[in-house]
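# Close look at the chain arrangement
The chain contents come next:
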Amino acid sequence: MLNKITSAIGLNVSLGRSAHRKTAPFGFHGGLSLDTNKRALGDNTELCSIISINPPALLTIPLINYRKDSVAPKVQIHEKVKRGQALADNIVSPVSGVVEAIEHCEIIHPGGLRAPCVVIRNDRLDTPINTDTEYRNNKQEQQAVSHDNDNAEAQAKIAHFIAHSTTMLDQAALVGLGGAGFPTAQKLLSSNQDLQTLIINAAECEPEIACDEALMRSSSIQIAYGISALSQLTQCKRCVVAIEDTKTLAIESMRTALDTIDSTAELMIIPTRYPAGAESPLIQNVTGQFIPHNEKPINHGVICINVATTYALWQAINGQPMDSRVVSLGGAEMPNPCNVRVRFGTPVSYVLQQTGNAPADDTIRIRAGGPLSGFDLHSTNVPITAMTNCILAEAALCAPAAQPCIRCDDCADVCPAMLQPQQLYWYTQAAEHDKCEELQLDACIECGCCDLVCPASIKLTETFRFAKSNANYIKAQQQLADDAELRFLDRKNRLEQKEQARQLAIEQRKEKLRSQKKPDREKINAALNRIRSKRHTQKD
Amino acid sequence: MANIIVDRRAAGAKALSTQRIMLSVVLALIPGIVAYCYFISPLVLVNALFAVLTALLLEAFAIRLRGKKCMPQIQDASIALAAILLALAVPPMIPLWQLLVGVAVMVLLGKHVYGGLGHNPFNPAMVGYAAMLISFPQSMTLWMDPLGLENLALVDLIQAKLTLNIVTSNPQIAWDGITQATPLEHIRSLKAQSQTIVLSDLIQRTMDSGWCWVNLGFLLGGLFLLFKRIIQWHIPVSVIAGYVLWAGLFSEPGLPLHLSVFSGSLILGAFFIATDPVTAASSKRGRLIFGFGIGSLSFVIREFGGYPEGIAFAVLLMNLCVPLIDHADRQLARRN
């Protein structure tokens, strides 16, 4: 009752971050109701095929992890690699062939960054790696399982996977396919605590992106097996598959699949509202918990796994490490929008060309990622990675110049992280980093909602992204300076102590000598006297 | 090539631009202005036109002085809106040179000395109004009697608008005949003479003078803004609630509340002046406090102060408190 009254007069923020609704889905703060605009799904009929394209002759695999740190390669130039062979930690070769080079190449990055990459020349044989016999057997069985849906056999496979989970996950090279690319094995193996809720993220809330929806329509049974394997591995108390209510065909197909394999997972239909598929709003929606940005969901008994990752897990259980993903091709200027399965390392230009989507002229902007979370590409000659969920083609756009902020606070109303974007903007412009930290700039999930509602067309998300990386840079520099100071002080201390010890030793030696000298003088005198007296006696 | 991070067009953004917001507010003022023309005086149109033109020129000048490009900034229409609000706040018979002083203070001292739109701590229209109220007390309390206007020849009218001093310019005209106090001033003067207030007379006076209709026009415009989500309900509701609370508790027993709400400029202030986002508190809770403060202060000034109308000073005083309110709100939000 109290909650009702206070929320009616707008005081709900003051009374803690309570859930917005009493029953699941609980809802989340802010967000926007956008046109879903999923061109990649075509006319939204039942048939929704995922196109396959042949891998190109040359593939470029970036040697970077989800934090954009470079990782050491495990292969050498001119080395022969097989499909599924580890190129580095958690990165496998998507084809068989020869390592042509290990060099810096442009990658998908808003700033057109170059990163170390392994360039592989495809021999077009797709020879799988022979790590063990298990792998080959599974490889041959893969076809059979996906066709006759033999539940017992699938359960046996899952049991085998649970028994050998560490090694199998290690070989599978799974990363989250939702967009952040976090290593799945790391997420799963850190869940030693008892897991309350395993959330399968099938929300896919951003306009234009439809790769998960297409996958759910075409391969729901494999996804269901993957979910079953995950819930058995994590021993979660509850497994929830969260899907937005506008994806009616995907919901239907997932429901049938989960029923077919008698899964215990429950299907939760959540309202279509961007960014319902981001981790924090999703957890709020499903469990009603608000997880502070600096804490991991796992410590609150929740894990989120993308639905495409569960499909990849099932493939991995069948012996196929993660080396491809479904990419949505969309946007107003995409002649032939579709969903296409692409091996990692395939250049964007090759994908567009193979699907009949090569850009007509230079004015068309090619974006990686959705209209809100993505960015324009500097060049299309960059490789697709696990994070690339979508490629958009949009007409040239001259962005309106930013006007002064009029403090309308619309941005705060839509912010799912419950931040105050306009105040953060003020402080980022004034470069007041400590104030930004106070207002929790780090908690910004860069969803872009504030940009969409800003009447002054201020590029808030871009500003925050820059300010965050700048703050990290400043922090790193501060850390370096602090380390250097510590080293310097250590050395100074060490030298001082050494000097002190030396001085002490000198003093001690002097002292020792001095104390030795006193009795000597008497002895010498005595000796001299003796000699003198001896001489006297001799003379006499 | 500019690297676009959030593609507003592809995402289907439907945000209103600053210009659209300001023009919508101007649009919402129209019913009130029409009622004003009909019941009070059509001279308000002359004042508004004059204020808008001079404000635009002065703003262009100020932006040039600051070394900026003037077109993109003038286009946001914010100064035009402020000029219309100022013209609505002053008596229609005000000499134009006095209005010019008000507009100059509004544009230069109210807005551009702080760095233009988004940076001014005080509501520019109210800064201009306050400066005029203090500088020209006589002409600022000279309200037109609609019935007296018929006695005034057009030539006299133009002369009065253009000459230096409205009262001494034309001694032949009995100014008392063509001007009258607003109902609020009437109540004040009655109280000062410790006469009893005859309610029916007062209601009659309010209806006759048409202020009630003007305020209903502004209320209609305010509801339109709420409906179009140009403004949120927090400020108007809390301004009126703040005023009504104290007026209900402490004002003269015989005076009905709706009369005092609809006879002054409370409605205009609550929906159009206090809701200026630049100078209001930013959070919802902060806006409730801000609005309540304006409502309460305007009652205090009407009841105990030296001016018949309290909205302008109440808004300016609460503008002063906005940084404090924002800070306190942030602290409170963090504690939760």
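Only a predicted model underlies this, so the values are computations on that prediction, with no experimental measurement involved.

Right, let's talk about the sheet that holds strand β16 (residues 390-394) of chain A for a bit. Residue and element names in this part refer to chain A. In spatial order, the strands read β1-β13-β12-β16-β14-β15; together these six strands make up an open sheet with mixed pairing. Every other strand in the sheet has two partners, leaving β1 (50-52) and β15 (375-376) as the edge strands with one partner each. Where strand β14 (residues 365-368) meets β16, four bridges bridge the pair, whose relative direction is antiparallel. Looking at the pairing, R365 lines up with E394 of β16. Packed onto the sheet, helix α6 (residues 211-218) meets β1, β12 (324-330), β13 (338-343) and β16 and runs at close to 120° relative to β12.

Attention now goes to the domain arrangement of chain B. Residue and element names in this part refer to chain B. Domains assigned within chain B are domain 1 (42-143 + 145-179) and domain 2 (182-336). Residue-level contacts link 17 residues of domain 1 with 16 residues of domain 2. At the level of elements, α5 (78-89) and α7 (124-135) are the ones that each hand at least two residues to the side of domain 1 that touches domain 2. If you tally residues by element for the side of domain 1 that touches domain 2, the top one is α7, at five residues. Along the lines of polarity and charge, the residues of the side of domain 1 that touches domain 2 split into 13 nonpolar, four polar and no charged.

The subject of this paragraph is the interface of chain A and chain B. How big an interface is tends to be stated in terms of the accessible area lost upon association of its parts. On the chain B side, the residues contacting the 43 residues of chain A number 33 residues. When residues of the side of chain A that touches chain B are traced back to their parent elements, those giving at least two are β15, β16, α15 (449-453) and α16 (460-539) of chain A. Looking at the side of chain A that touches chain B, its residues break down into 24 nonpolar, nine polar and 10 charged.

Quick look at the pairing of strand β7 (residues 114-122) of chain A now. Residues and elements named next belong to chain A. Pairing of strand β2 (residues 58-62) with β7, which is carried by five bridges, proceeds in the antiparallel orientation. Within β7, the residue paired with P62 across the bridge is C117. Relative to β7, strand β6 (residues 97-106) runs antiparallel, the two being bridged by nine bridges. Bridge assignment links V98 to a residue of β7, and that residue is R121.

Criteria and cut-off values
Residues numbered from 1 in each chain as written. Chains lettered and ligands numbered in written order. Predicted model: local features only at pLDDT ≥ 70, side-chain atom pairs only at ≥ 80, totals over all residues. Pairing = 2+ DSSP bridges. Helix = DSSP H or I, 4+ residues; strand = E, 2+ residues; numbered from the N terminus. Contact = placed C-beta atoms within 7 Å. Axes fitted to C-alpha atoms, helices over the stretch in contact; angles between N-to-C directions. Domains from an automatic or database assignment. Nonpolar A, V, L, I, M, F, W, Y, C, P; charged D, E, K, R; others polar.

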